[in-house]
Amino acid sequence: MTQELNDGLPAREAALALIDAALSRRGGLDEAASTNAFRYLEPRERAFARALAMAALRHLGPIDRALSAKLSKEPPPRVRNLLRLGATQAFFLEVPAFAAVATSVELAAANKTSRPFKGLVNAVLRGLLRDGPPVADPETLAPPWLYARWVGAFGAETAQAIAGQIVREPSTDLSLKPDADSAALAQALEGEILAGGTLRTARRGDVSAWPGFDDGTWWVQDAAAAIPARLLDVRAGETALDLCAAPGGKTLQLAAAGAATVAVDRSAARLKRVDENLARLGLTAEVVAADAGAWEDTRQFDAVLLDAPCSATGTFRRHPDVLWAARPGDVASLAAVQARLLDSAADRLKPGGRLVYCVCSLEPEEGEAQVEAFLARRPDMALSPIEAEEGGAPAASLTSRGTLRLLPHQREGGQDGFFAARFVRR
Ligand SMILES: C[S@@+](CC[C@H](N)C(=O)[O-])C[C@H]1O[C@@H](n2cnc3c(N)ncnc32)[C@H](O)[C@@H]1O
């Protein structure tokens, strides 16, 4: 083996750990990427390991199908992961085929569990390479149970369009401070300004060196994720409460609009990101570590935003791991948490105050059904229908109830899947 290939082995071993963690638990990929073993890799190796794991997860459905056709018996997880990564390198990362196979065989040999499967790794990968890239029919791109849910909720054609976004790498979306020179920034970042004000650029990677980062002119926020806070239309002099706020994308919007903002999240670690973001943007907010349902505070607010914890199935463009880590039982258990937090959010509103509820989920139980159940048990709350294209939402996302069902394919170049509804307290 050449020195060049040996150099790539730690990164590939790290990619194996990432994909193993991503498939075994929700949030596993980020957890694995924050371990010391991963952080002590060279930056170049770290970037390759992450890119490899992400590409494998983005193309996992078709790769697994092609692999299963070649395997007569399920091998140990490490071996299937080695095969997944080998195929990903050859088909999606432009790694020369010989290097993709040789490094996979080498990694198989380096571990007691996978050593007996060295020959199988070699033979299966060579077979796959002879067949060419796996066929990516839309219905093979997501786990079957999730795809079946999307067909049930939105119909077969829309489910196909949603799944088609899984293999597309997203652009980078930025939210700008209200006083930013958006035209000049769009030019500097080779981007365009979307309806609602988001700047979209094809640039990717480390944003901290981009124009406007150090001056605190913008922050990274998906075009769909920026819509819910705009629906609150907060003004200077108003009070706003952001529940489940970290890392703070929506807090920044509320504070930048001039509202006296309180940001609550139960994770003190994630709240550090809110503090950092506020400091970089030169904005202020009161930051509180507490459970949004149990927070003992008697203040009432003009506007409350609840970005509730959810299955996050709408975020698969940047986090393809959510598709494979989600379990069928998650949606029901998260829906129960969302209902509890919605009641608490409503109780913290002044009479006449506005509430926006949102989730980055594609599942109706976390969106439409949540709204109907809330209205049925809360006679003090009324739906405040969202207008067509309000906040920069694509017209197609407005439902007949005046809520937003933002689907990933509804915007040129894609967007995260989101649901949002607005209420007023009578
Ligand atoms: C979807 S993320 C929020 C993203 C954030 N609103 C933004 O725009 O940057 C969900 C957040 O909910 C927090 N969370 C989950 N359960 C919570 C609870 N019971 N009370 C407060 N925060 C909670 C998590 O720590 C996580 O930061």
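Remember, it's a predicted structure, so these values are computed and weren't measured experimentally. (Residues numbered from 1 in each chain as written. Predicted model: local features only at pLDDT ≥ 70, side-chain atom pairs only at ≥ 80, totals over all residues.)

(A) Region of interest: the sheet that holds strand 3 (residues 199-201). Pairing in this open sheet of four strands is antiparallel, and the strands run 2-3-1-4 from one edge to the other. The open sheet has two free edges, formed respectively by strand 2 (191-193) and strand 4 (218-220), since each of these has just one partner strand. The mean angle between the axes of side-by-side strands here comes to 30 degrees, regardless of whether they run parallel or antiparallel. By the bridge criterion, three bridges tie strand 2 to strand 3 in an arrangement that is antiparallel. Each residue of the ladder has a partner; that of isoleucine 193, found in strand 3, is leucine 199. (Pairing = 2+ DSSP bridges. Helix = DSSP H or I, 4+ residues; strand = E, 2+ residues; numbered from the N terminus. Axes fitted to C-alpha atoms, helices over the stretch in contact; angles between N-to-C directions.)

(B) Geometry of the site of the ligand. Taken together, 18 residues lie near the ligand, and Cys244, Gly249, Arg266, Ala292 and Asp307 sit nearest. Those elements that provide at least two residues to the shell around the ligand are helix 13 (249-256) and strand 6 (260-265). A class-by-class count of the residues in the shell around the ligand yields eight nonpolar, four polar and six charged. (Near = placed C-beta within 6 Å. Nonpolar A, V, L, I, M, F, W, Y, C, P; charged D, E, K, R; others polar.)

(C) Examining the nonpolar core more closely. Counting 128 residues, the largest nonpolar core has Ala15, Leu18, Ala53, Val121, Leu243, Val304 and Leu306 as the members making the most contacts within it. Residues within four places of leucine 243 in sequence aside, it is in contact with Val264, Ala292, Val304, Leu305, Leu306, Leu341 and Ala345. (Core = buried A, V, L, I, M, F, W, Y, C linked by C-beta atoms within 7 Å. Buried ≥ 20, exposed ≤ 12 C-beta atoms within 10 Å, placed from the backbone. Contact = placed C-beta atoms within 7 Å.)

(D) Broad picture of helix 5 (residues 60-70). Taken together, the buried positions of helix 5 are occupied by Leu60, Gly61, Ile63, Ala66 and Leu67. Taken together, the buried residues of helix 5 touch helix 4 (43-58), helix 6 (77-92), helix 8 (118-131) and helix 15 (321-325).

(E) The arrangement of the environment of arginine 65 in detail. Within the secondary structure, arginine 65 sits in helix 5. We classify arginine 65 as partly exposed; it has 14 C-beta atoms within 10 Å. When the C-alpha atoms of arginine 65 and phenylalanine 418 are compared, they prove to be 29 Å apart, with 353 residues separating the residues in sequence. Setting aside residues no more than four positions away along its own chain, arginine 65 makes contact with Pro134 and Thr140.

(F) Just the environment of arginine 80, in detail. If you trace the backbone, arginine 80 turns up in helix 6. We classify arginine 80 as buried; it has 22 C-beta atoms within 10 Å. Remark: the alpha-carbon pair of arginine 80 and threonine 261, spanning 181 residues in sequence, is separated by 48 Å. Not counting residues within four places of it along the chain, the set of residues in contact with arginine 80 comprises Leu67 and Pro75.

(G) Local environment of the domain arrangement of the protein chain. Parsing the protein chain into structural domains produces domain 1 (3-135), domain 2 (137-167) and domain 3 (223-425). For domain 1 versus domain 2, the distance between C-alpha centres works out to 25 Å. For the side of domain 1 that touches domain 2, the element with the most residues is helix 5, which contributes three residues. In terms of residue class, the side of domain 1 that touches domain 2 is built from two nonpolar, two polar and two charged. (Domains from an automatic or database assignment.)

(H) Structural context of the environment of alanine 285. Summarising the element assignment, alanine 285 is placed in the loop between helix 14 (268-281) and strand 7 (286-289). Taking the number of C-beta atoms within 10 Å as the measure of exposure, alanine 285 has 22 and is therefore buried. On a C-alpha basis, the gap between alanine 285 and aspartate 343 in space is 23 Å, while along the polypeptide they are 58 residues apart. Setting aside anything within four residues of it in sequence, one finds alanine 285 in contact with Thr251, Ala255, Thr261, Val262, Ala263 and Leu278.

(I) How the structure looks around the packing of helix 7 (residues 97-109) against helix 8. Two elements in contact, helix 7 and helix 8, have axes whose closest approach is 8 Å; the angle formed by their N-to-C orientations is 160 degrees. Judged by the angle between their axes, helix 7 and helix 8 are roughly antiparallel. Considering only the axes of helix 7 and helix 8, their crossing is right-handed. Along the contact surface, helix 7 presents Ala97, Ala100, Val101, Ser104, Val105, Ala108 and Ala109, while helix 8 presents Lys118, Val121, Asn122, Leu125, Arg126 and Leu129. (Parallel < 35°, antiparallel > 145°, perpendicular 65-115°, else oblique. Left-handed = near helix turned anticlockwise from the far one by under 90°.)

(J) Examining the packing of helix 6 against helix 7 more closely. Closest axis-to-axis distance for the helix 6/helix 7 pair is 8 Å, and the angle between their directions is 165 degrees. Judged by the angle between their axes, helix 6 and helix 7 are roughly antiparallel. Note on packing geometry: the crossing formed by helix 6 with helix 7 is right-handed. In contact with Val79, Leu82, Leu85, Gly86, Gln89 and Ala90 of helix 6, helix 7 contributes Ala97, Ala100, Val101, Ser104, Leu107 and Ala108. Among the residues forming the contact of helix 6 with helix 7, the class breakdown is nine nonpolar, three polar and no charged.

(K) Representation of helix 13 in the model. Within helix 13, eight of the eight residues are buried, which leaves it mostly tucked inside the rest of the structure. A positive backbone phi angle near 105 degrees is found at glycine 258, which sits one or two residues after helix 13.

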